[in-house]
Amino acid sequence: MKWLERSGIRAPKSPGSNETLRKSHPTALRLRQSTLCRTPRGLADRIVRAVMLLEVKNLNIEFHDHDRPERAVCGLNLRMEAGEIVGIVGESGSGKSMSALAIAGLLSRKDITKQGEILFEGKDILNCSRSELRKLQGDDIAMIFQEPETSLNPLKKVGWQVEEALRLHTDLTKEGRRARALEVLRKAELQDAEKVYDSYPHHLSGGMRQRVMIAAAMACRPKLLIADEPTTALDVTIQAQIVKLLKKIREEQHTAVLFISHDLSLIRQLCERVLVMQAGHLIEEGAVEEVFRSPGQEYTKKLIGAIPEIPAACETRGKFER
Amino acid sequence: MKKKNWNLLIGGLLSGIMLLFIVVGFFYTPCSPEAMDNAAKFAGVSAKHLMGCDHFGRDIFSRILKGCGNTFIVAFGTVLIGTLCGIFLGAFTGYYGGVLDEILMRVNDAVFAFPSILLALVFVSLFGGGKYNIILALGIAFVPSFARIVRSEFIRCKNMDYVKSARLMGAGDLRIMFVHILPNVMPVLVSSVLIGFNNAVLAEAGMSYLGIGVQPPEASLGRMLSEAQSYLFSKPSMAFLPGLMIVLLVLGFSLMSEGLKRER
Amino acid sequence: MSDLVLEVKNVSSYYRENRRLSGKRAERKQVLKNVSFSMEAGEILGLVGESGCGKTTLSRAILGFLKDYEGEIIHYSTKPQMIFQDPYGSLNPSKKLGWILEEPLKNAGGFTAEERRKRVFGMLRQTGLTEDFAERYPSQLSGGQRQRACIGAALMSAPALLIADEPVSALDVTIQAQVMELLKRLHGERNIAILFISHDLRVVYQMCDRIMIMKDGEIVESGTREEIYFSPRHEYTKLLLQAAGI
């Protein structure tokens, strides 16, 4: 209970839930800390445990564009180690995208106030200057968005856009940049990287564009990649490929990934740890499999229940011979 | 709860006052606006002549009351013709597309390429001047801009799913155009109509200033300005007052259109 | 064997790519290749495929929006209705919900104002909304409520066939479940045939009795739900299932 108060997590607003929460919360929110220490094989020794890659402490985000301020995020706490994949799940309006934007330092509108701390390697993103923030963005923190249609500039060639981060953050020569861009394009599993390098975004399919986005984000080998619903606009087969790609990149480059989605089954495929958000509150946190096995909150149960169920395919497969 | 829309409030208030002014001018003027009084040439402000008299000894206040009305009628008529024709042209070309669209829009472009005042000048020189010919001339010159706006909005809306579902539910083309789509075009149209109204006020003033608009001795704001220019230094109020009325009229409608834009 | 509501025979369609600007010759691209299937009254048929595979073209052809196709499409009942993917574009933003629901009745004619009102209220209740929604504009509704309203509007003319083009993919998961439940309930009550188009295999499993898999304008596999999910034959079906983690 004390932990609860300290972290500022409050009960969802639905009537009567205060009581139920008080009863269920200690178990539900028992920080499954053990998972924090579970890092990919071979990585553990390289990580200095003392410094967290990302630490969000009691983050509050409020909108002020109406008479009454509206809370988008209430008291969010989040810790990420280097190389960790964490998923945030929630429905539209749960504040997950707002939190992601704030962590990326992209939430600097006049009518939004932010309280709390977002520490990236000990540096507070909320309070550092524009120039400091610019040094981080694209270099150490990169982000990919939901709409591959709009997140690439339609008037610039793909190569130019992938190189942009390199142009801003490195002293590479033109040839060096080109070589690096081609390398990341190839790493993003784009066939014929040279051709893609010289094409415009409208020549590419949605899946290819999202790969280009990932390549551009990875150009400077960021420490943290924030992916805001990167697969929602894509077809299932492409979705699976992108998820696989993210997994591979993370394993090769030890990039931490903050994966935001409304789709729990995707998060299950990709992440180790999951945070469940509802109406701006973090209501549950833990290892993915554990959350699936024993969800502590009604809402999480509802989310899991909403995934249309198909009987275990491997058992039934073959029983329906034709 | 939203912030107060000051643009709409002030614009509406200003336009309301001007409209009241115009309506009063239709039914009552302190003196006859066309009656000359040799004794009162360039008379100053007095109880009888609230704003003094002009070079023919006509009461400026009465002339402004009447002139506002005339200017308003011309501008209103112009916008009415322009909007109605524009809606029909834009709706049909935008909704159906194809060859008809291609031909009409090219004609539209040709008309649009002329400055509207020049077009009206040609029209007037062919059919003669006067209040009603000016309305017609300016109205035709204003059609293309409205047609263009309506057309582009129709093209945007006709591909929306709700239009498809309206068709599935058995609505005919005309019903879809004027009952389903048109209300969605209105917000855009209204603010451009208000801007068009301003342009029409200015165009009328310009035409009358050139001497081909409202014919003397009738009063209109533009006419009064053109008459005042010879006496700009001896009696500046003769030019200042009608000018002020034009500014207020235009300002009111501009603010209103700006406010409506924000309301959307 | 119950009655057929729809029969699609050897439908092919071509799309002429407009290359005027780039100076190349116009290319004819085939979007539908000899598609044939039929639907019985009261069945839910799933149509699964990725974007660009011709799902939407097929639905347009069935609805009569696409005139330029080869082959035959035979309707054995009244005009089919459709539910669209994007709940934000499929309701006229400048009309109240009551007006939107009333429209099909007005177009059909033969109802008094009082009858129309009664039917609109009845439909609102059936779709899980309340009567005061009749006075609301679409902008005052959430995505799920909008989709309910769309379903209501589509059912006003009591069609025998409903085409649902990705009706839940723009919604949140919990809302998805509710809307699917509503569709299933209405299907049970009214015995409508539903052509359920989706790329989400999980959703399709929940909804459909029979499923067709479409790829590049061709139906590569079709069968009952169990056949498709538990003993897929075509490579592409297996790929889809694998990608969905099934």
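Structural data are supplied above this passage.
As a starting point, this report considers the structure included with it.

Each value, and the rule that gives it
- Residues numbered from 1 in each chain as written.
- Chains lettered and ligands numbered in written order.
- Predicted model: local features only at pLDDT ≥ 70, side-chain atom pairs only at ≥ 80, totals over all residues.
- Heavy atoms only, no water.
- Helix = DSSP H or I, 4+ residues; strand = E, 2+ residues; numbered from the N terminus.
- Buried < 20%, exposed > 50% of the residue type's maximum accessible area, 1.4 Å probe, protein only.
- Contact = heavy atoms within 4.5 Å.
- Areas by Shrake-Rupley, 256 points an atom, 1.4 Å probe, with all protein chains shown as cover.
- Buried area = accessible area lost by both parts, 1.4 Å probe.
- Salt bridge = Lys/Arg side-chain N within 4 Å of Asp/Glu carboxyl O.
- Polar contact = N/O pair within 3.5 Å; in protein donor to acceptor, adjacent residues only side chain to side chain.
- Nonpolar A, V, L, I, M, F, W, Y, C, P; charged D, E, K, R; others polar.
- Pairing = 2+ DSSP bridges.
- Axes fitted to C-alpha atoms, helices over the stretch in contact; angles between N-to-C directions.
- Disulfide = S-S within 2.5 Å.

1. Topic: the overall build of chain A
- The number of helices and strands found in chain A is 13 helices and ten strands.
- Every one of the 322 residues in chain A was classed for burial, and the buried ones make up 53%.
- Partitioning the contacts of chain A with sequence separation of at least 6, the portion at a separation of at least 24 is 69%.
- Approximately 15,600 Å² of chain A is accessible, and the part contributed by carbon and sulfur atoms is 51%.

2. Re the interface of chain C and chain A
- In this complex, chain C contributes 28 residues to the contact, which on the side of chain A involves 24 residues.
- Note on chain C versus chain A: buried area summed over both sides is about 2,600 Å², and carbon and sulfur give 58% of it.
- Our enumeration of links across chain C and chain A arrives at zero salt bridges.
- For the interface between chain C and chain A, the tally reads four residue pairs in polar contact (both at pLDDT 80 or more).
- Those elements giving two or more residues to the side of chain C that touches chain A turn out to be α5 (173-190), α6 (201-207), β9 (218-224), α7 (225-230) and α8 (235-243) of chain C.
- If you tally residues by element for the side of chain C that touches chain A, the top one is α6(C), at five residues.
- Counted by class, the side of chain C that touches chain A contains 15 nonpolar, six polar and seven charged residues.

3. Quick notes on the sheet that holds strand β9 (residues 273-278) of chain A
Residue and element names in this part refer to chain A.
- Read across the open sheet, the six strands follow the order β6-β7-β8-β3-β9-β10; overall the sheet is mixed. Two strands in the sheet have a free side with no partner beyond their single neighbour: β6 (141-144) and β10 (281-287). Averaged over all pairs of adjacent strands, the angle between strand axes in this sheet comes to 15 degrees, irrespective of strand direction.
- As defined by bridge partners, β6 adjoins strand β7 (residues 224-228) across four bridges and the pair is classed as parallel. Bridge pairing in β7 links Ile-141 to Leu-224.

4. Considerations on the pattern of salt bridges
- Here the structure, examined in full by the defined rule, presents 36 salt bridges over all chains.
- Of the charged contacts, one joins A:Lys223 and A:Glu121 as a salt bridge, the two residues approaching to 3.2 Å between their closest N and O atoms. With A:Lys223 in the loop between α8 (206-218) and β7 and A:Glu121 in the loop between β4 (112-120) and β5 (123-124), this residue pair connects regions lying 102 residues apart in the sequence.
- Its relative accessible area of 34% is what places A:Lys223 among the partly exposed residues.
- As a salt-bridge pair, B:Arg151 and B:Asp101 come within 2.7 Å of each other at their nearest N and O atoms. Of this pair, B:Arg151 sits in helix α5 (residues 131-158) while B:Asp101 is found in helix α3 (residues 98-113), placing the two residues 50 residues apart along the sequence.
- Its relative accessible area of 7% is what places B:Asp101 among the buried residues.
- Residues joined in a network through salt bridges with shared partners are A:Glu163, A:Glu164, A:Arg167 and A:Arg177.

5. Considering the environment of A:Thr232
Residue and element names in this part refer to chain A.
- As for its position among the elements, Thr-232 is in the loop between β7 and α9 (236-253).
- Classification of Thr-232 as partly exposed rests on a relative accessible area of 26%.
- Between the C-alpha atoms of Thr-232 and Arg-109, which are 123 residues apart in sequence, the distance is 26 Å.
- Ignoring anything within four residues of it in the chain, the contact list for Thr-232 reads Gln-146, Gln-239 and His-262.
- At 2.5 Å, the side chain of Thr-232 and the side chain of Glu-229 are in polar contact.

6. So, the state of the cysteines
- Throughout the structure, instances matching the rule amount to zero disulfides over all chains.
- In this structure A:Cys220 is not part of a disulfide, and its nearest cysteine sulfur, from A:Cys128, lies 17 Å away.
- Residue C:Cys150 stays outside any disulfide, its sulfur separated by 16 Å from that of B:Cys157, the closest cysteine.

7. Some points on the interface of chain B and chain C
- The interface is formed by 15 residues belonging to chain B together with 22 residues belonging to chain C.
- For the pair chain B and chain C, the two sides together bury roughly 1,600 Å², of which 59% comes from carbon and sulfur.
- Among the residues of chain B in contact with chain C, B:Asp161, B:Leu168 and B:Met169 are the three that bury the most area, contributing 43% of the side total.
- The tally of links between chain B and chain C comes to one salt bridge.
- Our enumeration of links across chain B and chain C arrives at eleven residue pairs in polar contact (both at pLDDT 80 or more).
- Contributions of two or more residues to the side of chain B that touches chain C are made by α6 (161-168) and α7 (173-210) of chain B.
- Broken down by element, the residue count for the side of chain B that touches chain C peaks at six residues, all from α6(B).

Remember that the coordinates give geometry; whether it matters functionally is a separate question.
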